[in-house]
Amino acid sequence: MELDITGLQMPNLPEQPRTGQIVLRPLERGFGHTMGNTMRRILLSSLRGSAVWAFRADGVLHEHQTVAGVVEDVHEIIRNLKSLVLRMDEDAEEAVLELRANKAGRVTARSITGHPSVDVINLDHHILELQDDRDLRMELYVNKGRGYVPAEAHPIPRGMPADLVRVDAIYNPVTRANFVVEETRVGQRTDFDRLVLEVETNGALDVPSAVQYAARLAIEHLAFLAGGTPEWRADRSWGDTGGAGGAVPAGRAPIAPRLQELLNRPIEDLAELSVRSRNSLQKENIHSVRDLVQRTEQQMLAIDNFGKKSLQEISDFLAGHGLRFGSSLESDDAGTLWWVVRDDADNNEQNGGADNGPAGEL
């Protein structure tokens, strides 16, 4: 018997930006736990967000010290910065914020100077407390990422100051996710599932958007197993929830502006990669990220003195930006890059089974 999903319902609930429930019913028996587990894991681990990954302040050389005129030590300041909730524009990847204070008393996130690409959500969040009137200046380095990244895992780009203090970054905007599966009745049958997703965010993302993001991320991965492509992949920029904004050429998919910029970056400017990896790529005439993503893993391993460790380093870098090996690209007369969308047979023949397009950023 085929599964019948024509009767699925998701009732409209009052909008609750930070805490809410999403209900899905009726589901065939067993699908409540299948979908609940999948959504919960994605919500807690795979959503992109923004966070402070490093800071520098006058008189601070490392995390194991106190700051003159400040009640908290550096460890306590770091703990407070980890709880700072930020939201960055879609086309922004990193920014530097400035915090200034000169009066004794509590210093909150309201003292952070505004940045055109960054919104501070919890403006009353406590950062530190000054014991007396004195000038204090801090630079907060912000970027985007996924999940939890410990301080020591943040690469320090070339040219950064020596007194930069790295911070454990909590990027995920979802702070709690759980689900409940109950029995529900349809006609005479009482063995259908009713799935209730309970989601709480930090305010940088509302609950419906978080659930939609997670669902699309799941569909993206399952679509490859099903041999299809989600319809938004062919007519929308990656992560765009609006319309197409114009006609898309057949066989092509648009690339978000920030990815266009990244794909054109020279390899020599990628401070995230080791010197050895950059040298190996340049010797192979791979001069930009665009050249890099069009190679397959097999082609990379065929490079002299290029091993699995280097491959893993570069794979992690690409995945962190929603890219992968084996992608196909074209540029039009205006110099705009496009993903080339091919059917499965073409993918297997030309890319050795590699998929086209970005890896999973919505």
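Just so it is clear, the structure is predicted and the values come from calculations on it, not from any experiment. (Residues numbered from 1 in each chain as written. Predicted model: local features only at pLDDT ≥ 70, side-chain atom pairs only at ≥ 80, totals over all residues. Heavy atoms only, no water.)

1. A closer look at the overall build of the chain
What counts here: Helix numbers and strand numbers start at the N terminus; a helix is a DSSP run of H or I with at least 4 residues, a strand a run of E with at least 2. Should any heavy atoms of two residues lie within 4.5 Å, those residues are considered in contact.
The helix and strand tally for the chain stands at 10 helices and 16 strands. Here the contacts in the chain between residues at least 6 apart in sequence split such that 67% fall between residues at least 24 apart.

2. Some details on the sheet that holds strand β12 (residues 174-186)
Our working rule: Only strands joined by at least two bridges in the DSSP assignment are considered to pair. Axes, fitted as lines to C-alpha atoms, cover a helix only where it is in contact. Angles between the N-to-C directions of the axes lie from 0 to 180 degrees.
Spatial strand order, β1-β13-β12: three strands in an open sheet with antiparallel pairing. Strands at the two margins of the open sheet, each flanked by one partner only, are β1 (19-27) and β12. On average, each strand axis in the sheet is tilted by 20° relative to the strand beside it, whichever way the strands run. Alignment of β1 against strand β13 (residues 189-201), held across seven bridges, turns out to be antiparallel. Looking at the pairing, Leu27 lines up with Asp193 of β13. The strands touched by helix α3 (residues 207-226) within the sheet are β1, β12 and β13, with β13 carrying the most contacts at an inclination of about 115°.

3. Comments concerning the confidence of the model for the chain
The condition is simple: As a per-residue quantity, pLDDT reports the predictor's confidence and falls between 0 and 100.
With 81% of its residues at a pLDDT of 70 or more, the chain shows a mean pLDDT of 80. This model gives residues 343-356 a pLDDT under 50, and the stretch forms 27 contacts once residues within four places in sequence are excluded.

4. Overview of α3
Stated formally: Each residue after the first adds 1.5 Å to the expected span of a helix. Exposure classes here rest on a 1.4 Å probe applied to the protein chains alone. A residue is buried below 20% of its type maximum, exposed above 50%, and partly exposed in between. In the analysis that follows, any N or O atom pair within 3.5 Å is treated as a polar contact, provided that within protein one partner can donate a hydrogen and the other can accept it, and provided that, for residues neighboring in sequence, both atoms belong to side chains.
Here α3 is 20 residues long and its end C-alpha atoms lie 28 Å apart, about the 28 Å a rise of 1.5 Å per residue gives. Buried within α3 are the following residues: Val207, Ala210, Val211, Tyr213, Ala214, Arg216, Leu217, Ala218, Glu220 and Ala223. The N-capping residue of α3, defined by a side-chain oxygen 2.8 Å from the backbone nitrogen of Ser209, is Asp206.

5. Topic: the pairing of β13
Of the strand pairs in this sheet, β12 and β13 are connected by 11 bridges, and their pairing is antiparallel. Counterpart to Val174 in the pairing with β13 is Thr201. Hairpin geometry of β12 and β13 is characterised by an intervening segment of two residues between the two adjacent antiparallel strands and by a positive phi of about 65° at Gly187.

6. With respect to the side chain of Glu139
Locating Glu139 in the fold gives a position in strand β8 (residues 136-146). Exposure remark for Glu139: the relative accessible area of 13% places this residue in the buried category. At a separation of 2.9 Å, a polar atom in the side chain of Glu139 contacts the side chain of Tyr141. Discounting residues that sit within four places of it in the chain, Glu139 has contacts with Ala54, Phe55, Arg56, Val96 and Leu97.

7. Description of the environment of Met160
Looking at the secondary structure, you find Met160 in the loop between β9 (148-149) and β10 (165-166). On the basis of relative accessible area, Met160 is assigned to the partly exposed category, the value being 27%.

8. Some thoughts on helix α1 (residues 31-45)
Basically, it comes down to this: It is the directions from the helix axis to the C-beta atoms whose arc is reported.
Counted at 1.5 Å a residue, the expected span for α1 with its 15 residues is 21 Å, and the 21 Å between its end C-alpha atoms agrees. Of all the residues in α1, the buried ones are Gly32, Gly36, Met39, Ile42 and Leu43. Considered in projection along α1, the buried side chains sweep an arc of 145° and stay on one side of the axis. Buried residues in α1 make contact with β1, β12, β13 and α3.

9. Section: the pattern of salt bridges
For clarity, the threshold we go by: Criterion for a salt bridge: a side-chain nitrogen of Lys or Arg within 4 Å of a carboxyl oxygen of Asp or Glu.
Applying the stated criterion across every chain, the model contains 14 salt bridges. A salt bridge links Arg48 to Glu93; the shortest N-O distance between them is 3.0 Å. Taken together, the residues span a long stretch of sequence, with Arg48 in strand β2 (residues 48-57) and Glu93 in the loop between β3 (86-88) and β4 (94-101) at a distance of 45 residues. Arg48 sits in the buried class, given a relative accessible area of 14%. Through salt bridges with shared partners, a single ionic network connects Arg56, Glu98, Arg100, Arg137, Glu139 and Asp163.

10. Considering the nonpolar core
The condition is simple: By convention a nonpolar core is built from buried Ala, Val, Leu, Ile, Met, Phe, Trp, Tyr and Cys residues, the set being connected through side-chain atoms within 4.5 Å.
Membership of the largest hydrophobic core comes to 32 residues, with the highest contact counts inside it found for Phe55, Leu84, Leu86, Ile112, Leu128, Met138 and Leu140. Of all elements in the fold, only β2, α2 (74-82), β3, β4, β6 (118-120), β7 (126-130) and β8 reach the threshold of two or more residues within this core. Not counting the four nearest positions on each side in its chain, Ile112 is found in contact with Leu84, Leu97, Glu98, Leu99, Val120 and Leu140. Core analysis: the second largest hydrophobic core is formed by 24 residues, Leu270, Leu273, Phe306 and Leu323 among them.

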